[in-house]
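# Coordinate analysis (summary)
These are the residues of each chain, in order.
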Amino acid sequence: QRHKLLVTRTLPLSSQERIERGFEGIDIVQWKEDRAIPRSELLSLAKGADGILCLLTDKIDAEVLDAAGPQLKVVSTMSVGYDHVNVPELEKRNVVLGITPGVLTEATADTTVLLVLAAARRLREGVDAVLQGKWGTWSPTWLLGSQLTDKTVGIVGLGRIGVAVAKRLQAFGVQKFLYQGTRPKPEAEKEIPGAHVEFSDLDRLLKESDVICVCCALNDKTQNMFNYETFSKMKSSVVFVNTARGGIVEQPGLIRALKEGRLGSVGLDVTVPEPLPTDSELLKFPNCIVLPHIGSGTLETRTAMSEIAIENVLSGIKGEKIPHPHNA
Ligand code: GLV
Ligand code: GLV
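These numbers were taken from a predicted model, which means no experiment stands behind them. (Residues numbered from 1 in each chain as written. Chains lettered and ligands numbered in written order. Predicted model: local features only at pLDDT ≥ 70, side-chain atom pairs only at ≥ 80, totals over all residues.)

What follows is about the packing of helix 5 (residues 105-120) against helix 7 (residues 160-170). Where helix 5 meets helix 7, the closest approach of the two axes is 8 Å, and the angle between their N-to-C directions is 55°. Taken together, helix 5 and helix 7 sit at an angle that is classed as oblique. Seen from above, helix 5 lies across helix 7 with right-handed handedness. Side by side, helix 5 and helix 7 meet where Thr-105, Glu-106, Thr-108, Ala-109, Thr-112 and Val-113 of the first sit next to Arg-160, Ile-161, Ala-164, Val-165, Arg-168 and Leu-169 of the second. Counted by class, the contact of helix 5 with helix 7 contains six nonpolar, three polar and three charged residues. (Axes fitted to C-alpha atoms, helices over the stretch in contact; angles between N-to-C directions. Helix = DSSP H or I, 4+ residues; strand = E, 2+ residues; numbered from the N terminus. Parallel < 35°, antiparallel > 145°, perpendicular 65-115°, else oblique. Left-handed = near helix turned anticlockwise from the far one by under 90°. Contact = placed C-beta atoms within 7 Å. Nonpolar A, V, L, I, M, F, W, Y, C, P; charged D, E, K, R; others polar.)

Following both chains from N to C, one finds helix 1 (residues 13-21) and helix 12 (residues 299-317) inclined at 30°, their axes separated by 8 Å at the closest point. In terms of orientation, helix 1 and helix 12 fall into the roughly parallel class. Judged by residue contacts, Ser-14, Ser-15 and Arg-18 of helix 1 engage Thr-303, Ser-306, Glu-307 and Ile-310 from helix 12. For the contact of helix 1 with helix 12, the class distribution of residues is one nonpolar, four polar and two charged.

When the UniProt feature table is mapped onto this chain numbering, "domain: D-isomer specific 2-hydroxyacid dehydrogenase catalytic" (unreviewed entry) sits at residues 7-325. Taken end to end, residues 7-325 has its terminal C-alpha atoms 18 Å apart, with 35% of it in helix and 14% in strand. (UniProt positions renumbered as here; feature names shortened; annotations may be inferred.)

Next comes the structure, spelled out in structure tokens:
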């Protein structure tokens, strides 16, 4: 009996070639335009699928699962985050969920550090000044940023990515890290030897950190964790960077804090919504730099992610244990 696989987007080249070559016994349906599959297409193409290979731009909820039907065995998302997937609804239907952990840790940590430096050193203002002819002269006092050496860095979520960020920042002279999460993580602390790494409550992290990096998953506990109140507790010179999910930040609160000059500088790779409309107020602040959710965006990493997503979905369709379940 043949199986059906729905792939919701064109994949990086080598994975796309695998899809085009096909898999024995599997009929493949793919949305090939380079934009998110429209909801109506998702609902109709999912019909009869045994496996769905999706992206973080696709909301996978009860409606999609019901549209697919009871034969659906696996949802494989080409992402490490899975806040776009309704896990309890999958569980109710015995559908397994595959993710792509590990392979995007380095690329995402690189992007986090990129934004820390860009924000701390006022990259946007510097680039804009050059482009707009506002580069008058070398000046002892112009465009001064802040230096990372000996600063305290707060890491929200000391998972794989948080650890990789801390290791990178050590090379910039950071020796003290405070971290927040559901529990102390002595194993993770040991992966950052030579630094002072301390579990901290959120209040202390907010008050004492010179730089704050958000590296946690979006869930009920972290949704809107950063809001006007939390921003108000930060140092007025803080460098705040979010490369996790836009929903962890209550954006109107961030905009208000920026307006009132309560934040030193901000770097975001994730927003609400995505894409962020060009008339968003968030884009008006010279000390806020926004990237278009490209944390894992290297050819190497995206290829590794799509390969894992394929392995997960193929194993799931065959009814085998999938290599990278969300709850490993
Ligand atoms: C990207 O944001 C991911 O979750 O993989
Ligand atoms: C994601 O890979 C994390 O655990 O930080």
